[in-house]
Amino acid sequence: TGGGVEEIRSLTFDIENVVTGGLAGKAKLDELTFSMALGPNAQALYTMVATGGRLDRVTLYLQKAGTIGNSKGVFAIYSFGACQFSKLTEDASSGDDVPTVTVSMSYGQCAKHFTTFKPDGSLGTRTDASWDQIMNKTWSTEAPIDGPGC
């Protein structure tokens, strides 16, 4: 939505392999759902849901607590391709500073880059996995190491 940076409060997504007749089936990438505080990017996402807008790529960076603003704290990068936002829900509860926005997004490709932690807390080895549901093969994409705001 313009390359903005938002703190994601939670995210959920999964992949499944639909098996028929005891044989390996085709991988299915289920919707990504994430929550964040109401802000300028949430407003842009509202418009995207309303108009059926699409994005070529959405990338989420997970950072170790206390390392915001420092790329050395990024331990997971999720890149999604062929993205369409399907639902946006706003929730305001008594005592909240700002409402929470929950967004659902379908996507055709997903790449995951995960880095382990060493016993001293520093980052260790990076592993990668990806899938292109559209082409039914590994998605050949490379997520950037450093993200916006890292």
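Up top is the structure these notes are about.
A few words on the overall build of the protein. Of the regular secondary structure elements, the protein holds one helix and nine strands. The helix and strand sequence of the protein, counted from the amino end, reads β-β-β-β-α-β-β-β-β-β. Taking all 150 residues of the protein together, the buried fraction comes to 33%. Taking as baseline every contact in the protein between residues at least 6 positions apart, the subset at least 24 positions apart corresponds to 59%. A total accessible area of about 8800 Å² is found for the protein, and carbon and sulfur atoms account for 53% of it.

The next thing to look at is the packing of aromatic side chains. By the definition in use, this model includes five aromatic pairs. Arranged with centres 6.3 Å apart and planes meeting at 90 degrees, the rings of Phe-75 and Phe-114 form a pair that is edge-to-face. With Phe-75 in strand E6 (residues 74–91) and Phe-114 in strand E8 (residues 109–117), this pair connects stretches of sequence that are 39 residues apart. Each ring, one from Phe-80 and one from Tyr-107, has its centre 4.8 Å from the other, and the planes form 65 degrees; the classification is edge-to-face. Residue Phe-80 is located in strand E6, and its partner Tyr-107 is located in the loop between strand E7 (100–106) and E8; the two are separated by 27 residues in the primary sequence. Per residue, the accessibility class of Phe-80 equals that of Tyr-107, and both read buried. The rings of Phe-13, Tyr-78, Phe-80 and Tyr-107 are connected pair by pair, giving a single aromatic cluster.

As a further point, take the pairing of E7. Summarising burial for E7: five of the seven residues are buried, a large majority. Pairing of strand E4 (residues 32–37) with E7, which is carried by six bridges, proceeds in the antiparallel orientation. Paired with Ala-37 across the strands is Thr-100, a residue of E7. Across seven bridges, E6 lies against E7 in antiparallel orientation. Its bridge partner being in E7, Glu-90 is matched across the sheet by Val-101.

Considering all chains together, one arrives at two salt bridges under this definition. Between Asp-30 and Lys-28 there is a salt bridge, with the nearest N and O atoms lying 2.5 Å from each other. For Lys-28, a relative accessible area of 38% gives the class partly exposed. The partner of Asp-128 in a salt bridge is Arg-126, with the nearest N and O atoms 3.0 Å apart. With a relative accessible area of 25%, Arg-126 lands in the partly exposed category.

The subject of this paragraph is the side chain of Gln-84. On the secondary structure map, Gln-84 appears in strand E6. Once you skip the residues sitting within four places of it in the chain, Gln-84 turns out to touch Gly-52, Gly-53, Arg-54, Ser-104, Met-105 and Ser-106.

Criteria and cut-off values
- Residues numbered from 1 in each chain as written.
- Predicted model: local features only at pLDDT ≥ 70, side-chain atom pairs only at ≥ 80, totals over all residues.
- Heavy atoms only, no water.
- Helix = DSSP H or I, 4+ residues; strand = E, 2+ residues; numbered from the N terminus.
- Buried < 20%, exposed > 50% of the residue type's maximum accessible area, 1.4 Å probe, protein only.
- Contact = heavy atoms within 4.5 Å.
- Areas by Shrake-Rupley, 256 points an atom, 1.4 Å probe, with all protein chains shown as cover.
- Phe/Tyr/Trp six-rings, centres within 6.5 Å; stacked < 30°, edge-to-face > 60°.
- Pairing = 2+ DSSP bridges.
- Salt bridge = Lys/Arg side-chain N within 4 Å of Asp/Glu carboxyl O.

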